[in-house]
Amino acid sequence: MQQSISQSINEILYGLGYLLPELALTALFIIVIITGLFTGKRADKVTGIVSFTGLLIAGYFTAGQLTTESTVSLFGGMIALSRLAVYLKLILLLCGMLFLLFTQINAELQQHKKGLSDLYAIVIATLLGMNFMAMTANLLMLYLSVEMVSVGSYLMVGYVSSNTRQSEAAIKYALFGAVCSAVMLYGISLLYSFTGTLVLDNEFIANLRVTPQLGASLAVLLVLAGIGFKLSFVPLHFWTPDIYEGASTPVTAFLSTAGKVAAFGVVIRFLLAFSPRHGFLIVDFQQLLSIIAIITMIIGNFAAIWQDNIKRMLAYSSIGHTGFIMMALIAFSDASAKAMIFYLFVYTLMNMAAFMLADYIEQKTGTLKISEYKGFGKKLPLAFCALVIVLLSLIGFPATAGFIAKVLVFSSALELYNFSGSVLLLILMAMGALTTVVSLFYYFKIPLFAYLKKPDAEPVIFSLPKNAAFGLYISAGLALLLVVFGLFPQLVNGWVELTIR
Amino acid sequence: MILSVLTFLPLLSALLIVLLPTAWQQRYKYITLLTTLVQVIISIYIYLNFADNQAGVTREQGFQFVEHRSWIGLDLGSLGRLQIDYFMGLDGLSMPFMLLTSVIMFVAALSSWEITRNLKGYFALFLLLDTAVIGVFGALDFFLFYIFYELMLLPLYFLIGMWGGVRREYAAIKFFLYTLFGSVFMLLVMIGLYFSVNDPVTGNHTFNILQMMNPNNYTDGALFSQIANQQLFGIPARLLAFIILFIAFAIKVPIVPLHTWLPDAHVEAPTPVSIILAGILLKVGGYGIMRICFGIFPDAAIHSAWWLGLIGVVSILYGALNALAQTDLKRLIAYSSVSHMGFVLLGVASVTAEGASGAMMQMVSHGFLSAMLFFLVGVLYNRVHNREIANFRGLALIMPQYTVFIMIAFFASLGLPGFSAFIAEVFSLIGAFNSQSINGLLPRWMAVGGSVGILLGAAYFLWTLQRMFFGQTRLWGGEEWRTQLTDVSVREKLALVPMAALALVLGVFPSLVFDKINTSVLEFVNHVLNK
């Protein structure tokens, strides 16, 4: 007894050494709350600076974990720290930092009477949950981390409920989210009762193998549905456009990037248990996910055509991107993991930049409607020039990083095709190519209206405080980075060295 | 080095224009003109120093002005290393296009005097387009080729969309969607090829187009290996890949029935962009078919030659018949382009030395002639903002010099002996005619069908000439038009004279082109026929 207690204490102490970034985030969470309470009027600025520094420190610790060679199992199999998770955590922290910068330039949040310090604390807690999502190795941990992120997200979406639309978005999100976590929890409880364990290991699979196929598949599907809500693949996507439109723009940008990155992290951890190494597939994931990915790409991209609100359009396009990234998930190899990291990193840059520019343009012109962008191309040359570059990257146009990302994903899918020869994969790739053409159509509505259409009246431009221009320079910098990484992708890819396990 | 200078000089000028203050916007066009002039000088230098006894096509040693550096090296884990090279070089199949592009760009720059709005954007995009086009003809790495190929679309979209006519938005997006549709599938084939081909020296996969041409470099059992003979959707993989690539390039050429973007784009585009479109961009399609489709998939090309020939004949006849029916002068010339580019396809599909030479010659000749025709339409349109054929009559009396240029352009285009188009079309038809006895690919009636196209060409050009230029002067716009319709200015002559001269010189001395390309064309034909 005593032996086992001291053993587990030792294990925990050992494990804490690997948890420095998360400990830093926890400490930061508390510090931000306290500083927020005591700094009064200057709370926004101070907590902003504190949070940013804190995230940098957490990033420093996370980067230190890049030295871990193979996956480390911690806390009795609750957490598995793989290199893949470390990269995902770095991308998550990048999302967090960009979000902090974004809040500084968003007028709606800046003028918000509640102040920003609480929002910063929530974001940090959400990031903490996301970190755990990327590292989870246990069903209970999976549920806890997903819930932690969910609660944080609900709060963020509802943070500025200045009108009914925003309140509606927040309550919708919370309701859908609650249903999906209930479904997932049900699936987890089934899995637990089938296997007698919550750890996603060989024993779990071995036990699941002897349970009736139907029950096991159902349970796995239920868990996937819960994760699918976070990933917002079809048919669990319907909440996205409303919430993306209703939430304030920085929050939307954060949830549509960091939320996706973390969800892909957790889905990889979950699928790893079922990967062919264990020689057993309960559900044919490749087929199931291929079909989901195809439908997701089609619905996401085609629905985006009819959107006029740029935030809604970006919401649907993010669904399309989810479908595309799932191609790398389906390939499930070391190469595809690399491709996915590259894609997610690039996606973070371009999505954040797109939302920042949309926000900047909204503040300058007072509209989010693409059809009202007429004539603004010449009035706001830098903003629209950067936006066009970002959109090109989202399309996957050559000489931008988005192109390299697509090439890498296609490559990993083709590798799998060479191996398996499945027709479904060919259709998947063809659909990936076809929806790229479709995406051109809606992304290019923006330059179409901004540059090509003649305005009915002289466009009106509002003058803005200095910090808004700061946002413009950040997003222009991001656009420039997209071109640089498109021409020299080794600048990013050279750093990434990983296996999917 | 010289090839990089030629390619990226316009890009540098574009950056310069972006950085210069808008107050200097009247000087942008001189910067552009100077840039294109330097390009012309460089390409003349290349032409003069081009050794015509080196074949190129399949072997890197045969290429000239080669630049080969490693560019992107990505470690892909289990997939090995993604090796992309900056690999540029010229052989007989690409060198003529360097000269053509430079001259056409120079003419287009001269014609850009008509642009008055938003000059900074216009000239920056113009020069970006210049870089992309030169890059396409020089690139020998498929990845590099693809980047330049796609990069052409972007400036064109804005050039047509922002400085075009009434329906410019429709024309611009239609053009963009058509071409992108072709090229995203090309991307898939490109990646597939990449994983099928190994560089014999390094053992890595490679995007090198020349390595892709050698069947020995394909991995055993790879998707596009000739020996493995894999199937995709029940079609042989190599044939499917050939078809996909062919469609991608055929959209550019354009062939019937993928041509519908062309009349719209031409009519809506401003004159300089029309010149570039007809003069150079259509040739990118023909060049791609020769270098990429036929070069990498010769087996599938032989297999489909009959169909390609048929498409060529259909394009010739359909384009000509459509041209006959047009009432807008610019649309007429756009359709005549479809017809003339059909000869290129017919010549290439015959896989004979005559046919391939004729196709190359036709591309060069049509490059100059169509640019000249569009320039001439632009001259008329600039003066009265109208180009309905029925609205003009007896122009010869008030614009005699203009009429001379029009007559040169029309007679040269319809294939009058002594002009370049005659040589080109005759060679294409000889190739198509001989194909049956030499390699049995094309039946003789295709050559006959093609020659009917020449007849139709004569009909629509001469009829237009008669309607618009002869007889008593009667103008829809009355006296006002009569004063506006001044004869060609010095600047316009500066652009027109070289093109007219080239059409004549190449007609009298076709060896100026044939000598330079002959070795490469023979090598190309032998490669495709696997001799």
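Being a predicted model, the structure only gives us computed values, none of them experimental.

Structural notes on the overall build of chain B
- Along the backbone of chain B there are 21 helices and four strands.
- What you see for chain B is a C-alpha radius of gyration of 23 Å, in line with the 24 Å of a compact globule of 531 residues.
- If one aligns the C-alpha atoms of chain B with their principal axes, the spans along those axes are about 75 × 60 × 45 Å.
- Look at the contacts in chain B between residues 6 or more apart in sequence, and 77% of them connect residues 24 or more apart.
- By element, 65% of the accessible surface of chain B is carried by carbon and sulfur atoms, the whole surface being about 17100 Å².
- Averaging the positions of the 27 positive and the 26 negative side-chain charges in chain B gives two centres separated by 9 Å.

Section: the overall build of chain A
- The secondary structure content of chain A amounts to 22 helices and two strands.
- For 501 residues, the compact-globule estimate of 2.2 N^0.38 gives 23 Å, and the C-alpha radius of gyration of chain A, at 22 Å, lies within 12% of that figure.
- Projecting the C-alpha coordinates of chain A onto the three principal axes gives extents of approximately 75 × 60 × 45 Å.
- The 501 residues of chain A split such that 64% are buried.

Some details on the nonpolar core
- Phe 254 of chain A together with Phe 142, Phe 143 and Phe 294 of chain B are the most contacted members of the largest nonpolar core, which has 418 residues in total.
- With 21 residues, helix α15 (residues 334-365) of chain A is the single largest residue contributor to this core.
- In contact with Phe 294 of chain B, not counting residues within four places along its chain, are Phe 242, Ile 289, Ala 301, Leu 308, Val 348, Ala 349, Val 351, Phe 524, His 527 and Val 528 of chain B.
- The next biggest cluster of nonpolar side chains, apart from the first, holds five residues, and it includes Leu 369, Ala 412, Ala 421 and Ala 503 of chain B.

Details of the interface of chain A and chain B
- With 46 residues of chain A at the contact, the number on the chain B side is 42 residues.
- Of the roughly 3900 Å² buried at the junction of chain A and chain B (both faces included), carbon and sulfur atoms supply 78%.
- By the criterion of area lost to chain B, the three top residues of chain A are Phe 397, Val 437 and Leu 452 of chain A, representing 15% of everything that side buries.
- Inspection of the region where chain A meets chain B yields one salt bridge.
- Remark: the boundary between chain A and chain B carries four residue pairs in polar contact (both at pLDDT 80 or more).
- Listed by contribution, the elements that provide at least two residues to the side of chain A that touches chain B are α15, α17 (381-395), α18 (401-420), α19 (423-443), α20 (445-452), α21 (466-487) and α22 (490-493) of chain A.
- Within the side of chain A that touches chain B, the residues separate by chemical class into 31 nonpolar, eight polar and seven charged.

With respect to helix α18 (residues 444-469) of chain B
- Between its first and last C-alpha atoms α18 of chain B spans 38 Å; for 26 residues at 1.5 Å apiece the expected length is 38 Å, and the two agree.
- A positive backbone phi angle near 85 degrees is found at Gly 471 of chain B, which sits one or two residues after α18 of chain B.

Considerations on the pattern of salt bridges
- All chains considered together, the criterion is met by 17 salt bridges over all chains.
- One salt bridge connects Lys 172 of chain A with Asp 242 of chain A, and the closest N-O pair in it is separated by 2.5 Å. With Lys 172 of chain A in helix α8 (residues 164-195) and Asp 242 of chain A in helix α11 (residues 240-246), this pair connects stretches of sequence that are 70 residues apart.
- For Lys 172 of chain A, a relative accessible area of 23% puts it in the partly exposed group.
- A residue is classified by how much of its surface remains accessible, and Asp 242 of chain A, at 23% relative accessible area, is partly exposed.
- In this structure, Glu 169 of chain B and Lys 453 of chain A form a salt bridge, with 3.0 Å as the shortest nitrogen-oxygen distance.

Quick look at the packing of aromatic side chains
- Summed over all chains, the structure comprises 55 aromatic pairs over all chains.
- With a centroid separation of 5.3 Å and an interplanar angle of 90 degrees, the aromatic rings of Tyr 154 of chain A and Tyr 173 of chain A are classed as edge-to-face. Note that Tyr 154 of chain A is positioned in helix α7 (residues 139-157) and Tyr 173 of chain A in helix α8, a separation of 19 residues in sequence.
- Ring centres of Phe 294 of chain B and Phe 524 of chain B lie 6.3 Å apart, and the angle between their planes is 40 degrees; this geometry places the pair in the tilted category. In this pair, Phe 294 of chain B sits in helix α11 (residues 271-296) while Phe 524 of chain B sits in helix α21 (residues 511-528), placing the two residues 230 residues apart along the sequence. The burial state of Phe 294 of chain B is the same as that of Phe 524 of chain B; both residues are buried.
- Aromatic ring contacts, followed pair by pair, group Tyr 373, Phe 384, Phe 397, Phe 444 and Tyr 451 of chain A together with Tyr 157, Phe 158 and Phe 176 of chain B into a single cluster.
- We note Lys 406 of chain A situated over the ring of Phe 324 of chain A; from NZ or CZ to the ring centre the distance is 4.7 Å.
- In this arrangement the basic side chain of Arg 387 of chain B is found over the ring face of Tyr 381 of chain B, its NZ or CZ atom lying 4.7 Å from the centre.

Focus on the environment of Ile 17 of chain B
All names here are of chain B.
- In this fold, Ile 17 is placed in helix α1 (residues 2-19).
- For Ile 17, a relative accessible area of 0% corresponds to the buried category.
- For the pair Ile 17 and Phe 469, spaced 452 residues apart in sequence, the C-alpha to C-alpha distance is 41 Å.
- Discounting residues that sit within four places of it in the chain, Ile 17 has contacts with Tyr 28, Ile 31, Thr 32, Lys 120, Phe 123, Ala 124 and Leu 127.

Examining a nonpolar patch on the surface
Residue and element names in this part refer to chain A.
- Taken together, Ile 5, Ile 9, Ile 12, Leu 13, Leu 16, Leu 20 and Leu 23 make up a surface patch of nonpolar side chains, about 570 Å² in accessible area.
- Going through the elements one at a time, α1 (2-17) and α2 (20-38) are the ones with two or more residues in the nonpolar patch.
- Residue contributions to the nonpolar patch peak at five residues, all from α1.
- Here Ile 9 lies in helix α1.

Some remarks on the confidence of the model for chain B
- With 99% of its residues at a pLDDT of 70 or more, chain B shows a mean pLDDT of 90.
- Two numbers describe this predicted complex: its pTM, 0.92, and its ipTM, 0.89.

Comments concerning the pairing of strand β2 (residues 81-90) of chain B
Residue and element names in this part refer to chain B.
- Among the ten residues of β2, nine are classified as buried, and the element is accordingly described as predominantly covered.
- As paired strands, strand β1 (residues 64-75) and β2 are joined by nine bridges and run antiparallel to one another. Across the sheet, residue Gly 73 finds its bridge partner in β2, namely Gln 83.

Reading the values: the criteria
- Residues numbered from 1 in each chain as written.
- Chains lettered and ligands numbered in written order.
- Predicted model: local features only at pLDDT ≥ 70, side-chain atom pairs only at ≥ 80, totals over all residues.
- Heavy atoms only, no water.
- Helix = DSSP H or I, 4+ residues; strand = E, 2+ residues; numbered from the N terminus.
- Rg over C-alpha atoms; globule rule 2.2 N^0.38 Å.
- Contact = heavy atoms within 4.5 Å.
- Areas by Shrake-Rupley, 256 points an atom, 1.4 Å probe, with all protein chains shown as cover.
- Lys, Arg positive; Asp, Glu negative; His and termini not counted.
- Charge placed at Lys NZ, Arg CZ, Asp CG, Glu CD.
- Buried < 20%, exposed > 50% of the residue type's maximum accessible area, 1.4 Å probe, protein only.
- Core = buried A, V, L, I, M, F, W, Y, C linked by side-chain atoms within 4.5 Å.
- Buried area = accessible area lost by both parts, 1.4 Å probe.
- Salt bridge = Lys/Arg side-chain N within 4 Å of Asp/Glu carboxyl O.
- Polar contact = N/O pair within 3.5 Å; in protein donor to acceptor, adjacent residues only side chain to side chain.
- Nonpolar A, V, L, I, M, F, W, Y, C, P; charged D, E, K, R; others polar.
- Expected span 1.5 Å × (residues − 1).
- Phe/Tyr/Trp six-rings, centres within 6.5 Å; stacked < 30°, edge-to-face > 60°.
- Lys NZ or Arg CZ within 6 Å of the ring centre and 35° of its normal.
- Patch = residues over 30% accessible without salt bridge, like charges linked within 9 Å, V, L, I, M, F, W, Y side chains within 5 Å.
- pLDDT = per-residue confidence, 0-100.
- Pairing = 2+ DSSP bridges.

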